[in-house]
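Residues per chain, in single letters:
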Amino acid sequence: MPSLFAIGDHRLTTVLTMASIGSGRLCARVQEKLCQWGQSTQFRREASSCVRTKFGLQTTPRKVAHEQKNQKQSQTLAATAAQSVASGCWHPCSRPEVAATARSFSTMRTQQPGSLPEYQVDPYHLLEDDLKDVYVYIRDALRRSTYQDDLYEIATYYFDGHGKAIRPMVAILMARAINYHIYKEKSGLLTSQREVAMISEMIHTASLVHDDVIDQSDFRRGKPSVNVMWNHKKVTMAGDFILAVASIMIARLKNNDVTLVLSQVVSDLVQGEFMQLGSKETENERFAHYLTKTYRKTASLIANSVKSVTMLAGADEQLSDISYQYGRNLGLAFQLVDDLLDFVSSSAAMGKPTAADLKLGLATAPVLFACEKFPELNPMIMRRFQEPGDVERAFDLVHKSRGLEQTQYLAKQHCQEAVRLANLLEESPYQKGLIVAADYVLNRMK
């Protein structure tokens, strides 16, 4: 049975240009927030024809006039956005002529993105020696920091070697790709870069431990969640302990710039969790709220981890920003796919209950897109699906809408941008691995 995320799928025609979130009402409220994850135009000036050819995007004769019109509009938008770049960051409010809501994303039409490039590279096999002992190193670091057996047992519960380790994998891939880009064959993985890969997994796992307590989850990674095995007080403190040890490891890197970058991840995680507790009244605010929350809870960790390993290699600001933007796009796509899988995968495949977000009162991308066809979802979102039958009704409406397809399309958009950024690096097996990682994100089944 073909994967839901088959790259060559041409069923989707909805364009979701994520840089279009901007309006007068939205600008003042979220400008600063959107700048954190807003796409830098500095790296968009590559020849569009090359990018279109690489991704298999073909222009049919009857769309030539439409494409020419879009090209003229793009030139105007680029000139407008350049003014914002000069001031330090780009944000979607630079595009006032584009509609501001999720509705605009679902009513505009374009061609479906083509396939991502195919390379005979398996990142996990490529990094087998680098990744095989990551969990061992983490458990050793936690063991050295405590002699309390109960604390150690709880803290290492999810470091059993059965996780996907996608964050360490991407961090090490980027580290080796950047090292080759700068130093060619004389490059090797730095100890500090390996440490960042471990730190990224520790911060992620600490957030999972806290999430399990907050959400009162029963299963995680196919086994009873940590809060089912121990009482909430001990579990909460174990999550704090993991984060504390990770902070010690960050300090031992003795790099002030990297310390600031990785510390931002912790701040983003907390703020993202707080954002998840609330909803926004209006449609455009709600979608911007969701995207900013997604960046903070998921994408920030990947983006700032790959930026950190790039900085440790001695890269300049431009190269560091390429790494950051790659991680940001990959992280956003990862969460979008996760939100989609919550509606289409079995509990066995996910390793945790499905429809969990609705049960927690969360409106993710599939629901927000479904609101276009079924406005009755809006009051459900505001009451966080708390009335009897809300969860079942919302689940059904999402499947009757194009919300799942639109979410898939948006994830593809972000992965294709990640691929474009990876292609700015010197060609190497690790650079190709970064491209394949984007394909993994789209096609993962867990």
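In short, a report on the structure. What you are looking at is a predicted structure, and each value in this text was computed from that prediction instead of being measured. (Residues numbered from 1 in each chain as written. Predicted model: local features only at pLDDT ≥ 70, side-chain atom pairs only at ≥ 80, totals over all residues. Heavy atoms only, no water.)

Moving on, we get to helix α13 (residues 256-276). The terminal C-alpha atoms of α13 lie 31 Å apart, and with 21 residues this matches the ideal 30 Å at 1.5 Å per residue to within 8%. For α13, the complete set of buried residues consists of V258, V261, L262, V265, D268, L269, G272, E273, M275 and Q276. In an axial view of α13, the angular spread of the buried residues amounts to 160 degrees, which keeps them on one side of the axis. Residues of α13 that are exposed and point over 90 degrees away from its buried face: N256, L260 and F274. By the N-cap criterion, in which a side-chain oxygen at the helix start approaches the backbone nitrogen of a residue two or three places on, α13 is capped by N255, the distance to D257 being 3.1 Å. (Helix = DSSP H or I, 4+ residues; strand = E, 2+ residues; numbered from the N terminus. Expected span 1.5 Å × (residues − 1). Buried < 20%, exposed > 50% of the residue type's maximum accessible area, 1.4 Å probe, protein only. Arc of directions from axis to C-beta. Polar contact = N/O pair within 3.5 Å; in protein donor to acceptor, adjacent residues only side chain to side chain.)

This part covers the side chain of S428. Assignment of secondary structure puts S428 in the loop between α21 (403-422) and α22 (429-443). When its relative accessible area of 5% is taken as the criterion, S428 is described as buried.

The subject of this paragraph is unusual backbone geometry. One non-glycine residue, A165, adopts positive backbone phi at about 50 degrees. Here A165 lies in the loop between α8 (149-155) and α9 (166-183). You will see that K254, though not glycine, has its phi angle at about 55 degrees, which is positive. Tracing the sequence through the fold places K254 in the loop between α12 (232-252) and α13. Taking the relative accessible area as the measure of exposure, K254 reaches 76% and is therefore exposed.

Another point: the nonpolar core. Of all hydrophobic cores here, the largest spans 103 residues; its most connected members are L142, M202, Y326 and F385. Per-element tally for this core: the top contributor is helix α15 (residues 317-344), with eleven residues. Ignoring anything within four residues of it in the chain, the contact list for M202 reads I138, L142, F159, I242, V245, A246 and M249. Counting residues in each nonpolar core, the second largest holds five residues, with Y295, A299, A303 and L332 among its members. (Core = buried A, V, L, I, M, F, W, Y, C linked by side-chain atoms within 4.5 Å. Contact = heavy atoms within 4.5 Å.)

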